[in-house]
Every structure is written in C-alpha cells, then in structure tokens.
Amino acid sequence: GWLGLNSFFTVEGGHRGIVFNRWSGIKDKVYNEGLNFNVPWLEIPYIFYVRTRPRLISSLTGSRDLQMVKIQLRILTEPQVDKLPEIYRTLGPDYDEVVLPSIANEVLKQVIAEYNAPQLTTQREQVSAKILRNLTERARDFSITVRDVSITDLQFGAEFKAAVEAKQVAQQDAERARYLVEKAMQDKRSIIIRAQAEARTAELIGQAVKSNPGFVQLRRIDAAKEIATTVSKSANTVFLSADNLLLNLLDGAGLEGEGAASES
C-alpha cells in the first residue's frame, strides 16, 4: 500500500515537475500536468510554479545629472519550462529570489544613468521600454523570461524637489510680471484713447458753439433736466434758487427780448 501511494505524484495546473534521483541526480525530463510515476524513496519530485507572476524591485541610483533617484519596478517573469532542471541545478527552487534583485538593480543603474532627472519624468515610457529590453537580455542567461516591466514609483532627492519648486515659483513670478506689464500697456492705451476722445469732443463742441449759438442753450436745458430729476428723486426737501439749479432757462431769452425792445 505504501509503495503504491508513493509511486505517483500529481502536477497541478500552471505547474511543472522535475525529479531528483538519489543515484543520478536531477533528471533532464520535465513532467507535465497530471499524474506522473516515480520510484518511491529513490526519486523525489519537485514542483515548479510556471505561470507569469509579478515581483516588485526597488533601487536607489543616480541619474545622468547626478540626482539621486529611488525607483520601484514591477516585473512580470516566468521560468523557461524546458530549462527547469538546469534552473534547479544552478539556482535552486527559489531562482527568482536569487537572480531578479541583482540583475534588476544592475539594469536599473545602467539605464537610469543615461537620463537626467526631467527626462525620467517626461520620457517614462521610453525608459520602461529600455529597461524591459536590457532586463530581458540579462534574464535570458538564467533561463528566465521577462514578460513586462513597469515603473510604479519614481522619487527624487530633496535637492531636486527644491529646485523644481524654485523653478515653479520663478515661472509664476515671471507670469505675474508679464501680466502686470500687459495690464500697464492696456491702461496706457486706454488713457490715450480716452484723451483723444475727450479732445475730439471738445473740438466738436467748440465747432457747434461757433456755428450755432443755440447749442449752449440746448446743453443748459439738458443739464437742468438732469438736476431736476436728481432733486425730484431725493427724500429730503431742498430749497435752492433757480440760478443755482440752472432752471432759469428763459432768463437769457427774456433779457435778449427786452434788449431788442429797448433798442427799437
């Protein structure tokens, strides 16, 4: 019964198996999913997870402009199934723990050093693509397939943050100064236009008075209407002479009439 139970082992979906023989070592055969035979005591099966799985790698490195950069990389990897016996011989069952941190840090330091700090922010996709290409080539030496990489976090040193803030403040000050200059120019143009309009109005009034003496009387009537309207709307009782209110509109006409009569 014990012999029969230990003569078989099961490989679950998404896994592969290899067998260690006590006499000959790791066998080169890779066992697929399902029920597989092994010799009890003499052979020991080892099961590998072969689906793509993520891993986070953090690294502190320097950019081309000597800024310290803390970068976090998410890597999707899987082992090359036909190389599982070799992986076990050289790296052991925890191959990803042994290899990925070292080669990922190596690639990150190499790639980040080719860009300055602003480029790492503006050319993020290009940086990720180069990391993927270099990491894929490097991991191939260890029979590991890299499916994808993505930069999940990117932090810069305090000096760079201070420089960015200072630049933003300078840009804001420059925009404020530009706005003030434009506003001053607009005010200057408005003053010039208003002065020209007033000069033109005075010129037209002078021409009207010269050509038609009744124009002054007409303006006097308009002014009297405005004063009368304002006084009528007031809640207080106001007693002023007609001369002060410009309401003696007929005085000029009456005097002119009397002068004409006396002359006759």
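Here, the structure is the one placed above.
Our subject in this report is the structure included herewith. Predicted model only: the values in this text are computed from it and were never measured.

Another aspect to go through is the overall build of the chain. Each helix and strand counted, the chain has nine helices and eight strands in total. Burial analysis of the chain (264 residues in total) assigns 28% to the buried set. By sequence separation, contacts in the chain at least 24 residues apart represent 65% of the contacts at least 6 residues apart. Accessible surface, the chain: about 17500 Å² in total, of which carbon and sulfur atoms supply 56%.

Unusually for a residue other than glycine, Leu66 sits at a positive phi of about 65°. The exposure class of Leu66 is exposed, given its relative accessible area of 76%. In this model, Ser143 sits at a positive phi of 60°, which is unusual for a non-glycine residue. Assignment of secondary structure puts Ser143 in the loop between helix H5 (124-140) and strand E8 (144-156).

This paragraph deals with a nonpolar patch on the surface. Together, Phe8, Leu35, Phe37 and Val39 make up a nonpolar patch on the protein surface, roughly 400 Å² of accessible area in all. Tracing the sequence through the fold places Phe37 in strand E4 (residues 34-37).

As enumerated under the stated definition, the model contains five aromatic pairs in all. Considering the side-chain rings of Tyr46 and Tyr88, the 4.9 Å spacing of their centres and the 35° angle between planes classify their relative orientation as tilted. Of this pair, Tyr46 sits in strand E5 (residues 43-49) while Tyr88 sits in helix H2 (residues 84-90), and the two are 42 residues apart along the sequence. The exposure class assigned to Tyr46 is partly exposed, which follows from its relative accessible area of 29%. For Tyr88, a relative accessible area of 19% corresponds to the buried category. Between Phe48 and Tyr88 the ring centres are 6.2 Å apart and the planes differ by 85°, which places this aromatic pair in the edge-to-face class. Here Phe48 is found in strand E5, whereas its partner Tyr88 is found in helix H2, with 40 residues between them in sequence. One aromatic cluster is present, built from ring pairs that chain together Tyr46, Phe48, Tyr88 and Tyr95.

On to the pairing of strand E7 (residues 68-79), then. One ladder, built from 10 bridges, connects strand E6 (residues 53-62) with E7; its direction is antiparallel. Considered in E7, the bridge of Ser59 is made with Ile71. In this antiparallel pair of consecutive strands, E6 and E7, the connection spans five residues, and Leu66 shows a positive phi of 65°. Sheet topology places E7 next to E8; 11 bridges connect them, and they run antiparallel. Opposite Ile71, over in E8, you have Leu154 as the bridge partner.

About the criteria used
- Residues numbered from 1 in each chain as written.
- Predicted model: local features only at pLDDT ≥ 70, side-chain atom pairs only at ≥ 80, totals over all residues.
- Heavy atoms only, no water.
- Helix = DSSP H or I, 4+ residues; strand = E, 2+ residues; numbered from the N terminus.
- Buried < 20%, exposed > 50% of the residue type's maximum accessible area, 1.4 Å probe, protein only.
- Contact = heavy atoms within 4.5 Å.
- Areas by Shrake-Rupley, 256 points an atom, 1.4 Å probe, with all protein chains shown as cover.
- Patch = residues over 30% accessible without salt bridge, like charges linked within 9 Å, V, L, I, M, F, W, Y side chains within 5 Å.
- Salt bridge = Lys/Arg side-chain N within 4 Å of Asp/Glu carboxyl O.
- Phe/Tyr/Trp six-rings, centres within 6.5 Å; stacked < 30°, edge-to-face > 60°.
- Pairing = 2+ DSSP bridges.

Everything listed here is a matter of geometry and, on its own, says nothing about what the molecule does.
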